Amino acid sequence: MPEINIYNYSYKYAAKPILNKIDLDINVNTSVAIVGLSGCGKSTLLKRISGIEPKLGFESGNIQIDKMLPEQYLDTKQTSFMFQEPTLLPNLNVKENLEFPLNALNLPNNEISVNHYLDLIGLQDFKYFLPNKLSGGMKTRVALARSFISKPKLLLLDEPFSSLDIGWQIDLYNKLNLLKAEISSTLILVTHNIIEALYLCNTVYVLGKSGEFIQKIQINQDLPRTYPLKETAFRSKIEFDLIWQTLETDKFQYEK
Amino acid sequence: MKNNNTLHISIFVLVILISWEIIASTSQTFRLLISSPTLSCSYFFNNFQNLSEATVITGIEAILGLIFGTFLSITIMIGCMYFPKYLDFLLPLLSLSQVVPIIVLAPFFVILFGMGLISKIAMATLISFFPVFLNFATGFKQIDPSIVMLTNLYKPDMKFKILHVFFPLSMPSFFAGLKISANLSVIGAIVAEFTGANIGLGKNLYLSALRLDPELMVCSLFLSSFIGVFMYYVIVRIENRFVKWLR
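Procedures and definitions
What you see as residue numbers is a count from 1 along each chain, following the sequence as written. Throughout, the order in which chains and ligands are written sets their labels, letters from A for the former and numbers from 1 for the latter. For a predicted model such as this one, the threshold for reporting local features is a pLDDT of at least 70, and the threshold for listing and counting side-chain atom pairs is 80 or more; totals across whole chains, interfaces and linings nevertheless cover every residue. Only hydrogens and water are removed before side-chain values are computed, so all heavy atoms of the structure are retained for them. In this analysis, two residues are considered to be in contact whenever any of their non-hydrogen atoms come within 4.5 Å of each other. We define a salt bridge as a side-chain nitrogen of Lys or Arg found within 4 Å of a carboxyl oxygen belonging to Asp or Glu. Runs of E in the DSSP output that reach at least two residues are strands. Runs of H or I that reach at least four are helices, and both are numbered from the N terminus. For this classification, the nonpolar set comprises Ala, Val, Leu, Ile, Met, Phe, Trp, Tyr, Cys and Pro, the charged set comprises Asp, Glu, Lys and Arg, and every other residue, Gly included, is treated as polar. The pairing test for Phe, Tyr and Trp rings, Trp by its six-membered ring, is centres within 6.5 Å, and the orientation test on the planes gives stacked under 30 degrees, edge-to-face over 60, and tilted for anything in between. Partly exposed describes any residue whose relative accessible area lies between the buried limit of under 20% and the exposed limit of over 50%, with all areas from a 1.4 Å probe on protein chains only and scaled to the type maximum. Here the rule is simple: two strands pair whenever DSSP picks up at least two bridges between them. Geometry is summarised by axes, namely lines fitted to C-alpha atoms with helices restricted to the contacting stretch, and by angles between N-to-C directions that run from 0 to 180 degrees.

Q: Hey, could you run me through the interface of chain B and chain A in this one?
A: Many structure descriptions define interface size as the accessible area lost when the parts assemble. Taken together, the contact between chain B and chain A spans 17 residues of the former and 25 residues of the latter. Where chain B meets chain A, there are 1 salt bridge. At the level of secondary structure, the elements contributing two or more residues to the side of chain B that touches chain A comprise helix 8 (145-153) and helix 9 (158-194) of chain B. Top contributing element to the side of chain B that touches chain A by residue count: helix 8 of chain B, with 6 residues. Tallied by class, residues from the side of chain B that touches chain A come to 11 nonpolar, 3 polar and 3 charged.

Q: Would you take a moment to explain the packing of aromatic side chains for this structure?
A: Summed over all chains, the structure comprises 21 aromatic pairs over all chains. Taking the centre distance of 5.6 Å and the plane angle of 75° together, the rings of F161 of chain A and Y173 of chain A count as edge-to-face. Linking F161 of chain A in the loop between strand 6 (154-158) and helix 6 (166-182) with Y173 of chain A in helix 6, this pair joins segments that are 12 residues apart in sequence. Ring geometry for F174 of chain B and F175 of chain B: centres 5.4 Å apart, planes at 75°, overall edge-to-face. Look at F174 of chain B and you get buried, because its relative accessible area is 5%. Overall, F175 of chain B belongs to the buried group, its relative accessible area being 3%.

Q: So what exactly am I meant to see when it comes to the sheet that holds strand 1 (residues 4-13) of chain A here?
A: Strand pairs in the sheet, formed through backbone hydrogen bonds, run parallel or antiparallel to each other. Residues and elements named next belong to chain A. With antiparallel pairing, the 3 strands of this open sheet are ordered in space as 2-1-4. In this open sheet, the two strands that pair with only one neighbour each are strand 2 (16-26) and strand 4 (58-65). In this sheet, neighbouring strand axes are inclined to one another by 15° on average, regardless of whether the strands run parallel or antiparallel. As judged from the 7 bridges shared by strand 1 and strand 2, these two strands associate in the antiparallel manner. Considered in strand 2, the bridge of Y9 is made with I22. Sitting on the sheet, helix 1 (residues 42-50) is in contact with strand 1, strand 2 and strand 4, with an inclination near 120° to strand 1.

This is the structure in structure tokens:
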């Protein structure tokens, strides 16, 4: 359960400032959402926190995860990252894809735990199917379970549900809550879906086009939320309107 | 549908054979130029011993050449997977070296290794190396970067990455290169035999031109394509085992 501290962090790529003097403190065992218009640098920020991508641009300030640099924290093998696409290995079936992190981490390959995760995502009947035989929602479910199976302490989700329809999204939020209940970890969710952010997280940050955080919103309801997704809009109406307003203003300013 | 296709193809081949026979029987000139199916067949059975020996020798040269070439490219690729920067250095260099028609090196190899098998195997190795390597490297470079990132997340050792990610995911292009090389290695072996050999299909083909012996030429032609088809078939069988997931 790492604590993440970002002080005065700026990132430039090809002389274009992407992130601009960002300050962010994420407490242990919380869920944080970063919302913003497309191209505002929210995925870049997540990738910088994860340390998986080699640094291409110029950075200043620092990111600390448990008093470590992101690259050092990555060496502790407690990070999990979920990409925009499911990125399943095409040559492995569902079960082997779930086992992949365990094999890569050299962890004991426990048949019972793999079966447990297959049950949780409801794909027990499909465990010998190759990814190209699965639907988009199923693939995302496998990718979700795969990012949880290694019991990570830091979970980074990069718009994983953005390509799914509302039915699959509701299903996957429930699955995420189920999986999250089993482990204690810090979660950062990057998304452009405000409802998703309000439903899944404690705190929502809005990242502006200028590369700065322009709003921080605290949601005072316990996680995981048990009420249905559609109630989010009523229960967090004020927050929703605030974020919507901020995003609209940001868009307007950017176009001007 | 499939049976129907086989029938059509057999009829087509039969028509070709019959018209070949008829054309060859019309004049002596045509017979000397293209022989005829019946004459070639009888030649094949009369000289079965010599022809099969030559086929086996050329086949061994081509197959060993392909195996060595593939082995060489796999070895270099493993090195490049450990040090990806060398791949960027090697690829342009190798692509540039493709400009040289590699066949011209055949006499050089005969001088270097003598008239025996080794010079032919060396030629077949060299000629089959490039397509395998280039396709392998392309396949390796085309692996989805997200998958590589995902693998790096768990910080596995290089052996795991190569065995479970790099190799399996670049197999489709690797086999595409291998299929090209299967025919090329036969060409390499035969051309090396043109330049000087004691036995082999290439030598037979060379002699058939000198002696004006169309039957020998037709037999050697079919036997050399037989080697190519055989190797192609084996590779497709292996491919079906390794890249089952692509279908």
